[in-house]
Amino acid sequence: TLGEGSGKAGSSSSLGMALVGAALAFDGVVGGVQRRLKVTCKEQKKRERPYDMMFWTNFYMALAALAFAALRGELRSGARFCRANPSVLGQMLKLGACGAMGQACIFYTISNFDSVTCTAITTTRKLISVLISLGEGDKATLGPTGWLGLSIASLGILGEVA
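Below or above, wherever it landed, is the structure these notes cover. (Residues numbered from 1 in each chain as written. Predicted model: local features only at pLDDT ≥ 70, side-chain atom pairs only at ≥ 80, totals over all residues. Heavy atoms only, no water.)

## Points about the nonpolar core
And step 1. Counting six residues, the largest nonpolar core is built from Met 53, Met 54, Ala 104, Phe 107, Ile 110 and Cys 118.
And step 2. Elements with a contribution of two residues or more to this core: helix 2 (50-71) and helix 4 (87-112).
And step 3. Ranked by residue count, the leading element in this core is helix 4, at three residues.
And step 4. Excluding residues within four positions of it along the chain, Met 53 makes contact with Leu 37, Glu 48, Phe 107, Ile 110 and Ser 111. (Core = buried A, V, L, I, M, F, W, Y, C linked by side-chain atoms within 4.5 Å. Buried < 20%, exposed > 50% of the residue type's maximum accessible area, 1.4 Å probe, protein only. Helix = DSSP H or I, 4+ residues; strand = E, 2+ residues; numbered from the N terminus. Contact = heavy atoms within 4.5 Å.)

## Focus on the pattern of salt bridges
And step 1. Taken as a whole and judged by the stated rule, the model has one salt bridge.
And step 2. Note that Arg 72 is salt-bridged to Glu 74, the shortest N-O span being 3.0 Å.
And step 3. Overall, the relative accessible area of 61% leaves Arg 72 in the exposed class. (Salt bridge = Lys/Arg side-chain N within 4 Å of Asp/Glu carboxyl O.)

## Side note on a nonpolar patch on the surface
And step 1. A contiguous nonpolar patch, built from Phe 55, Trp 56, Phe 59, Tyr 60 and Leu 63 and spanning about 540 Å² of accessible area, is present on the exposed surface.
And step 2. Checked against the element boundaries, Tyr 60 lands in helix 2. (Patch = residues over 30% accessible without salt bridge, like charges linked within 9 Å, V, L, I, M, F, W, Y side chains within 5 Å. Areas by Shrake-Rupley, 256 points an atom, 1.4 Å probe, with all protein chains shown as cover.)

Have a look at this one:
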């Protein structure tokens, strides 16, 4: 990992950091678009509905995933895997249901508050998840860089709340 400084993990860590940076950038873009949508809806005397936003977001995400899977030639192998392992379909449905419930809460929060509040809530949830996983066993550890990141994220949340 990045905190351990191993040469083998260097390229993987660099890619991971680039992906984290991209995710944060896209979160910022989406937050700005959602803010503009709320303003536009208010100007037009319309109220955005959280489940409409959720549906269209998931619809376009599904189209993008389908397109990427097709481009990478993974549709057939994925279907073959599902046919060979039928129990995985039930697990996929459970995961989808849990994801849908979580997204319903997120879109409700965005519609009734704002994206900053939603970000503070989801980041706090992630920090708590990390802390709980660290307390679950002897093998769960975090290096100095990880603790630094956790501390910075916690200070950021405290700055938003205060």
